[in-house]
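Okay, here's what each chain looks like letter by letter:
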Amino acid sequence: MSQDKIAAHFQLSLAAMTAAAGDAALLAVSRAIAAASIKALKQGRKILLAGNGGSAADAQHIAAEIIGRYKRERAAWPAVALTTDTSALTAIANDYGFERVFARQIEGLGQPGDVFIGITTSGRSPNILAALEVARQRGLVTVGMTGPSGGSMGALCDHLLVAPGPETALVQQIHLMAAHAICDEIEVALGTPAP
C-alpha cells in the first residue's frame, strides 16, 4: 500500500508548526519585529520587503496585509514589496546585476527609521544580503527571515527570524505564519479606524 503523500505533507506541516509554536527564540524575535514595525509606522516610516521565488510572493503577501488590511478595518500603512516593479527589476538587473535589484531600490526608497524585511530560506541569497547591507548603511531597521542554516545574514540583521523546518516549503509556511502574527500585533497596536 502506497503512502498517502497529501496526508504525510499535512502531518509534516503540523509538526513544523508545532515546533515553531514552542520555539521561544522564534516567538521573541517575532514580537521584536512587530515592535520595530509598530514604532516605524507610528513615526510615519514604511516597511520594505523583498525575497526571491516563493519568498517574493511572501513579501508581496505581507505588504498587502499591511497596506490593505489583515483582519481589521483601519487606516492604510505604507508597505512596499520591492519584487513587483518589473521595469525597475529588469533595468537594475541589466545595468547593475541581479545582486543589486533590491539594494538599488533601497538606495532610492529607504529612509532612516524604515524597516526592511529580507526573506531568504537559505540565508544566502546574494541580492537579499546586498539589500540588508545597504539598508543597514542607510539607517533602516534590518530584519531577516530565514531557515535553519541562517547563512551569513545574521550579522546584517537587527532581528533574525530563524524558522525550524526540514525543507524549504515548511520554512516558508512558518515565515507566513509568523508574518500573519506580526500583522495581527501591528493592527492591535495601531488599530485606528479607517477615515
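Look up: the structure comes first, before these words.
To keep things clear, this report deals only with the structure shown in the data block. Within each chain, residue numbers correspond to sequence positions counted from 1 in written order. Note on the predicted model: pLDDT of at least 70 is required for a residue's local features to be given, and 80 or more for side-chain atom pairs to be given and counted; whole-chain, interface and lining totals, by contrast, use all residues. Neither water nor hydrogens contribute to the side-chain values; these are computed over all heavy atoms in the structure.

A look at the packing of helix H1 (residues 5-21) against helix H7 (residues 168-190)
A pair of packed helices is characterised by two quantities: the angle between their axes and the separation of those axes. For the record, the criterion: In this description, a line fitted to the C-alpha atoms serves as the axis of each element, helices being fitted only across the stretch in contact, and the angle between N-to-C directions of two axes falls anywhere from 0 to 180 degrees. In this text, helices come from DSSP runs of H or I with a minimum length of four residues, and strands from runs of E with a minimum of two, each type numbered from the N-terminal end. Should an angle lie under 35 degrees it is considered roughly parallel, over 145 roughly antiparallel, and from 65 to 115 roughly perpendicular; all remaining angles are considered oblique. Definitions for this section: a left-handed crossing has its near helix turned counterclockwise from the far helix by less than a right angle. A right-handed crossing has that turn clockwise. The contact criterion used throughout is that any non-hydrogen atoms of two residues lie within 4.5 Å. When residues are sorted by character, Ala, Val, Leu, Ile, Met, Phe, Trp, Tyr, Cys and Pro go into the nonpolar class, Asp, Glu, Lys and Arg into the charged class, and all the rest, Gly among them, into the polar class.
Between H1 and H7, whose axes approach to 10 Å, the crossing angle comes to 50°. One finds that H1 runs oblique with respect to H7. Here the hand of the crossing between H1 and H7 comes out right-handed. Each of His9, Leu12, Ser13, Ala16, Met17 and Ala20 in H1 lies in contact with H7, whose residues at this interface are Leu170, Gln173, Ile174 and Met177. Split by residue class, the contact of H1 with H7 holds seven nonpolar, three polar and no charged.

Considerations on helix H6 (residues 126-137)
Counted only if it meets this: Multiplying one less than the number of residues by 1.5 Å gives the expected span of a helix. Partly exposed residues are those whose accessible area sits between 20% and 50% of the maximum for their type, while under 20% is buried and over 50% is exposed, using a 1.4 Å probe and protein chains only.
Its 12 residues give H6 an end-to-end C-alpha distance of 17 Å, which sits within 8% of 16 Å, the value for a rise of 1.5 Å per residue. Within H6, the full set of buried residues consists of Asn127, Ile128, Leu129, Ala130, Ala131, Leu132, Val134 and Ala135. For H6, the secondary structure elements touched by its buried residues are strand E1 (47-51), helix H5 (103-109), strand E3 (115-119) and strand E4 (141-146).

A word on the pairing of strand E5 (residues 159-162)
Put simply, the rule reads: Any two strands between which DSSP finds at least two bridges are classified as paired.
Going residue by residue along E5, you find His159 and Leu161 tucked away on one face and Leu160 and Val162 left uncovered on the opposite face. Note: E4 against E5, four bridges, orientation parallel. Bridged to Val143 within E5 is His159.

A word on the packing of helix H3 (residues 54-67) against H7
For the pair H3 and H7, interaxial distance at closest approach is 10 Å and the crossing angle is 10°. Judged by the inter-axis angle, H3 sits roughly parallel to H7. Of the two elements, H3 crosses H7, and the hand of that crossing is right-handed. Within the contact between the two elements, H3 uses Gly54, Ser55, Asp58, His61, Ile62, Glu65 and Ile66 and H7 uses Gln172, Leu176, Ala179, His180 and Cys183. When the residues that make up the contact of H3 with H7 are grouped by side-chain class, the tally is five nonpolar, five polar and two charged.

Some points on the packing of aromatic side chains
For the record, the criterion: Pairing of aromatic rings covers Phe, Tyr and Trp, the last through its six-membered ring, and needs centres within 6.5 Å; plane angles under 30 degrees mean stacked, over 60 mean edge-to-face, and all others mean tilted. Put simply, a charge is over a ring when the Lys NZ or the Arg CZ is close to the ring centre, within 6 Å, and near the line of the ring normal, within 35 degrees.
Summed over the entire model, instances satisfying the criterion amount to zero aromatic pairs. Between Arg74 and the ring centre of Trp77, over which it is positioned, the NZ or CZ distance is 3.8 Å.

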